[in-house]
Amino acid sequence: MLHNFKNNLKHEKEQADRADKFYREVLHASEITRYNHDNEQDMIMQRKDIDCSFSINNVHYMISEKFRDKDFGDFYVEFYSKYPNTPGWIFTGSANAILYFTPENVYWVTFKSLKTFCVDQLFTTIPQCWFSDIYISHKPIKTRYLLLDKTRIPLNIIQAHNQCGECWETIGISISFEILEKFGVKFRRYKLNSVDIR
């Protein structure tokens, strides 16, 4: 899986209008602020994996946005931003929620509950050789199974080859929303078939 980092950033910026419309029309949010300009203040927010913020009923939320071209019923979690030395957003992020956009659904995932599960339970039980194996293989995806609290969990280990002057590998896992719910990750799904946010 080859990613051009600059093209990915451009794609995310193109999705901003769609996301803002969802925030205004579905969540009834106000005071929407984006942190995607080329200035130091916005880069501070980006390093915290915060793409935008808004208010709902006078409560302010810091939001990380993820966009996917297809809804597979699972959620991708970045464990390594640059394997093996740079941790992914699950370790470094500080958003209140992740808004996970797919063509059919938008998922509001409470970041604290996701981080608690992924860092305290899941990551500590994943054999580190799974990450090194996919890195060495150069394959984009490998499916593995893990026994966690007597539950057999299928995980897709996913590797993206990034190219932007330098090259690096981003590695994470995708896990089903069904499993996330079972282990206490809080999320809400908004179906988009009745809402036009294109």
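Please refer to the structure placed before this passage.
Residues numbered from 1 in each chain as written. Predicted model: local features only at pLDDT ≥ 70, side-chain atom pairs only at ≥ 80, totals over all residues. Heavy atoms only, no water.

Trainee: Could you give an account of the overall build of the protein chain, with specific residues and numbers?
Mentor: Check the secondary structure of the protein chain and you find seven helices and twelve strands. Relative to its length of 198 residues, the protein chain is compact, with a C-alpha radius of gyration of 17 Å against a globular reference of 16 Å. Each principal axis of the C-alpha atoms in the protein chain carries an extent, and together these give about 45 × 45 × 30 Å. Taken across its 198 residues, the protein chain has 46% of its residues classed as buried. Considering only contacts in the protein chain between residues 6 or more positions apart, those separated by 24 or more positions represent 60%. Approximately 10,900 Å² of the protein chain is accessible, and the part contributed by carbon and sulfur atoms is 49%. (Helix = DSSP H or I, 4+ residues; strand = E, 2+ residues; numbered from the N terminus. Rg over C-alpha atoms; globule rule 2.2 N^0.38 Å. Buried < 20%, exposed > 50% of the residue type's maximum accessible area, 1.4 Å probe, protein only. Contact = heavy atoms within 4.5 Å. Areas by Shrake-Rupley, 256 points an atom, 1.4 Å probe, with all protein chains shown as cover.)

Trainee: I'd like a rundown of the packing of aromatic side chains, residues and numbers included.
Mentor: Enumeration according to the criterion identifies 26 aromatic pairs in this entry. Between the aromatic rings of F91 and F123, the centroid separation amounts to 5.0 Å while the plane-to-plane angle is 75°, which identifies the pairing as edge-to-face. Of this pair, F91 sits in helix α4 (residues 89-92) while F123 sits in helix α5 (residues 111-125), and the two are 32 residues apart along the sequence. For F91, a relative accessible area of 27% translates into the label partly exposed. Judged by its relative accessible area of 17%, F123 is buried. Here the guanidinium or amino end of K82 rests over the ring plane of W168, the centre of that ring lying 4.8 Å away. Above the ring of Y145, the side-chain terminus of R152 is found at 4.0 Å from the ring centroid. (Phe/Tyr/Trp six-rings, centres within 6.5 Å; stacked < 30°, edge-to-face > 60°. Lys NZ or Arg CZ within 6 Å of the ring centre and 35° of its normal.)

Trainee: Let's hear about the nonpolar core: which residues, and what values?
Mentor: Counting residues in hydrophobic clusters, the biggest one holds 37 residues, and the most contacted among them are F75, F79, L114, L122, F131 and I173. Take this core: its biggest share by element is seven residues, from α5. In contact with F79, not counting residues within four places along its chain, are P87, G88, I90, F91, C118, L122, F123, I126, F131, I171, G172 and I173. Counting residues in each nonpolar core, the second largest holds 17 residues, with F22, Y23, V106 and L192 among its members. (Core = buried A, V, L, I, M, F, W, Y, C linked by side-chain atoms within 4.5 Å.)

None of the figures reported here should be taken as evidence of function without further support.
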